[in-house]
Amino acid sequence: ITLFCAGLGTLLFHLVTKRKVPVFLGSSFAFMGGIIAVIGDSRLGDPDFIDKLSAVKGALIVAGLIYVLFSILIKLVGYEKVNKLLPPIVTGPVIIVIGLRLSSTAINSAFYYNGAFSLKAVFVTVVVLAVVIAISVFARGIYNLMPILFAIIAGYLVCIPMGFLDFTPVQQAHFFSFMDKDIIAQILALPTFKADAILAIAPIALVTLIEHVGDITTNSAVVGKNFMIEPGIHRTILGDGLATALAGFLGGPANTTYGENTGVLAVTKVYDPSVIRVAAVFAMLLGILGKFGGLISSIPGPVSGGISIVLYGMIASVGVRILINNRLNFGNSRNLMIASIIVVLGIGCDSIPVTSTVTISGLALAAVVGMILAAVLPEGHDSVLPREE
């Protein structure tokens, strides 16, 4: 469903953006913490899974509608004014919190097998991390853009003598995934709009919006066309939002733009959006092939855990990069206070009960408090570091 929604969402994005922007939408890891908070330990086939999935669907649709709302605001008043709601001193620490909140999930998958600490699992994780680091640092050209793929293959091979491989998901998978009654039930489950799920998931859209703008800006620089003006950032945000809402309705994760997309454009020099649309069709076809989905499901926990350590760490690092690129001065008391409070609230608070049935996630609380502090506290002349001559 994730692959299918990524391909379908990409095609919808291209339709909204006049088929001019060479962007492929993929699933957003930023939303995983909120989704896990709602789903908990429930999995496909469990009695309560569909109810929880329906709540996630509704929350992701709301997240997509937040994109739509911002696209309308940007069209009416301009991006600069709307951007003041989410300055870098808020978005940077919030993105750091997203990565760090997920870190325990990565460690549990990486170092544990069947619920127990395993030295074999640690060895597999070390191999996966070593391959990711080696490819990222030493490989050149198109290979430098695929460290995750090579690491998964290496980890998969190492797991063979360890006895970690279980091909049951491949054997049980239908040739066509939509022949599986559980997957059909997941797709057909109607969304429900529950306040606690919405508060846990939807506010994350405020952060990924900024990431989206950064990706479109970078794409424009690589391609040599100003996509911020034509077709317009309001259109790209609208396309991303509608793709996220559509994915949520079908039971997939939120869609987002990716920095790797820009890297592929820079290396291949292929800027034709029609090539991206062909890739989108391939993703949809792979999503339909149930055996391929079964192969993905058979990836052992230590392999996916090792990859998650990198991915979740990269999310946190992106937040650090935002702070650095905007030259924020942490000798400034205002910046230090805002960042400190966001990090502690975001990581320290799992969820805050609002009523007997409604809770707000620590991430959402941190984002809201950060926005309020940034709006109330005056900026000093030294809040941004001077540029070197």
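What you see is a predicted model, and the numbers here were worked out from it, not measured in a lab.

Caption draft 1: Spatial organisation of the overall build of the chain. The helix and strand tally for the chain stands at 18 helices and 6 strands. On C-alpha atoms alone, the chain measures out to a radius of gyration of 21 Å, which is about the 21 Å that the 2.2 N^0.38 rule sets for 389 residues. With the C-alpha coordinates of the chain rotated into their principal frame, the extents come out at 60 × 50 × 45 Å. A total of 389 residues make up the chain; the buried ones form 46% of that total. Of the roughly 18,700 Å² of accessible surface on the chain, 69% is carried by carbon and sulfur atoms.

Caption draft 2: Local environment of the packing of aromatic side chains. All told, the structure shown has 5 aromatic pairs when counted by the stated rule. A ring pair is formed by Phe175 and Phe176, whose centres lie 5.0 Å apart and whose planes are at 85°; its orientation type is edge-to-face.

Caption draft 3: View of a nonpolar patch on the surface. Residues Leu3, Phe175, Phe176, Met179, Leu286 and Leu289 make up a contiguous nonpolar surface patch of roughly 520 Å² in combined accessible area. In this fold, Phe175 is placed in the loop between α8 (168-172) and α9 (181-188). For Phe175, a relative accessible area of 51% corresponds to the exposed category.

Caption draft 4: The arrangement of the environment of Leu3 in detail. Mapped onto the fold, Leu3 is located in helix α1 (residues 2-16). By relative accessible area, which is 32% here, Leu3 ends up partly exposed. For the pair Leu3 and Ala59, spaced 56 residues apart in sequence, the C-alpha separation works out to 20 Å. If sequence neighbours within four positions are ignored, Leu3 has contacts with Ala283, Met284, Leu286, Gly287 and Phe292.

Caption draft 5: View of helix α6 (residues 119-138). With 20 residues, α6 extends 28 Å from end C-alpha to end C-alpha; this agrees with the ideal 28 Å at 1.5 Å per step. All of the buried residues along α6 are Ala121, Val124, Thr125, Val127, Val128, Val131, Val132 and Ile135. What you see down the axis of α6 is that its buried residues fit within an arc of 155°, all on one side. Among the exposed residues of α6, those pointing more than 90 degrees away from its buried face are Leu119, Ile133 and Phe138.

Caption draft 6: The packing of helix α5 (residues 88-111) against helix α16 (residues 301-325), seen in detail. Between α5 and α16, the shortest axis-to-axis distance is 7 Å and the interhelical angle comes to 165°. Judged on the interaxial angle alone, α16 and α5 are roughly antiparallel. Both α5 and α16 take part in a crossing whose hand is left-handed. Across the contact of α5 with α16, the residue classes tally to 20 nonpolar, 10 polar and no charged.

Caption draft 7: Representation of the packing of α5 against helix α11 (residues 204-223) in the model. Packing of α5 against α11 brings their axes to within 10 Å, and their N-to-C directions diverge by 115°. When the axis of α5 is compared with that of α11, the two are roughly perpendicular. Relative to α11, the crossing made by α5 is left-handed. Of the residues in α11, those in contact with Thr91, Val94, Ile95 and Ile98 of α5 are Ile204, Val207 and Ile210. Its residues assigned to classes, the contact of α5 with α11 shows 6 nonpolar, 1 polar and no charged.

Thresholds applied
- Residues numbered from 1 in each chain as written.
- Predicted model: local features only at pLDDT ≥ 70, side-chain atom pairs only at ≥ 80, totals over all residues.
- Heavy atoms only, no water.
- Helix = DSSP H or I, 4+ residues; strand = E, 2+ residues; numbered from the N terminus.
- Rg over C-alpha atoms; globule rule 2.2 N^0.38 Å.
- Buried < 20%, exposed > 50% of the residue type's maximum accessible area, 1.4 Å probe, protein only.
- Areas by Shrake-Rupley, 256 points an atom, 1.4 Å probe, with all protein chains shown as cover.
- Phe/Tyr/Trp six-rings, centres within 6.5 Å; stacked < 30°, edge-to-face > 60°.
- Patch = residues over 30% accessible without salt bridge, like charges linked within 9 Å, V, L, I, M, F, W, Y side chains within 5 Å.
- Salt bridge = Lys/Arg side-chain N within 4 Å of Asp/Glu carboxyl O.
- Contact = heavy atoms within 4.5 Å.
- Expected span 1.5 Å × (residues − 1).
- Arc of directions from axis to C-beta.
- Axes fitted to C-alpha atoms, helices over the stretch in contact; angles between N-to-C directions.
- Parallel < 35°, antiparallel > 145°, perpendicular 65-115°, else oblique.
- Left-handed = near helix turned anticlockwise from the far one by under 90°.
- Nonpolar A, V, L, I, M, F, W, Y, C, P; charged D, E, K, R; others polar.

By themselves, these observations are geometric and do not establish any function.
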